[in-house]
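Secondary and tertiary structure notes
In case you want the letters, here they are:
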Amino acid sequence: VQLQASGGGLVQAGGSLRLSCAASVNIATINVMAWYRQAPGQERELVARIGSSRTTNYAESVKGRFTISKDRAKNTLYLQMNLLKPEDTAVYYCNAYIVAALQPASNYWGQGTQVTVSS
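The following refers to the structure shown.

Criteria and cut-off values
- Residues numbered from 1 in each chain as written.
- Predicted model: local features only at pLDDT ≥ 70, side-chain atom pairs only at ≥ 80, totals over all residues.
- Heavy atoms only, no water.
- Helix = DSSP H or I, 4+ residues; strand = E, 2+ residues; numbered from the N terminus.
- Rg over C-alpha atoms; globule rule 2.2 N^0.38 Å.
- Buried < 20%, exposed > 50% of the residue type's maximum accessible area, 1.4 Å probe, protein only.
- Contact = heavy atoms within 4.5 Å.
- Areas by Shrake-Rupley, 256 points an atom, 1.4 Å probe, with all protein chains shown as cover.
- Lys, Arg positive; Asp, Glu negative; His and termini not counted.
- Charge placed at Lys NZ, Arg CZ, Asp CG, Glu CD.
- Disulfide = S-S within 2.5 Å.

Details of the overall build of the protein chain
Counting secondary structure elements, the protein chain contains 0 helices and 11 strands. Tracing the protein chain from N to C terminus, the helices and strands come up as β-β-β-β-β-β-β-β-β-β-β. In terms of C-alpha radius of gyration, the protein chain reaches 14 Å, essentially the compact-globule figure of 14 Å for 119 residues. Counting only C-alpha atoms, the protein chain reaches 50 × 30 × 25 Å along its principal axes. Among the 119 residues that make up the protein chain, the fraction classed as buried is 38%. Contacts spanning at least 24 positions in sequence make up 51% of the contacts within the protein chain whose residues lie at least 6 apart. Carbon and sulfur atoms provide 48% of the accessible area of the protein chain, an area that totals close to 6400 Å². With 11 positive and 6 negative side-chain charges, the protein chain shows a separation of 9 Å between the mean positions of the two kinds.

Focus: the state of the cysteines
Evaluated as defined, the whole model comprises 1 disulfide. Linked covalently through their sulfurs, Cys21 and Cys94 form a disulfide whose S-S length is 2.2 Å. Negative torsions about the S-S bond denote left-handed disulfides, and the value of about 60 degrees found for Cys21 with Cys94 makes this one right-handed. Separated by 73 residues along the polypeptide, Cys21 in strand E3 (residues 17-23) and Cys94 in strand E9 (residues 90-98) bring together distant segments of the chain. By relative accessible area, which is 0% here, Cys21 ends up buried. What makes Cys94 buried here is its relative accessible area of 0%.

In structure tokens:
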């Protein structure tokens, strides 16, 4: 499974960005897809995740501002980020978690895309 993230960039506080993550497989086979982020000197943290039934979870810090979604026809995961704050500055990674019958669970990561929010 390969994940290709894109859409990062430099934006002013209060602005918006949409991240995309294109998967090399049918995302209907992926149990959970998620976005994580890692700021300099900090641990990687979960931002949002979406299950196969489209159930979503968000970090408290992004609730009401970010929306995770997926397009099965395009095999693509999205993260719409609104009302961006300087503290949202980080490298954002997409993640795919797959549980296959009679096999250990597998975790896959994209290469990361930089989001920088200026004050």
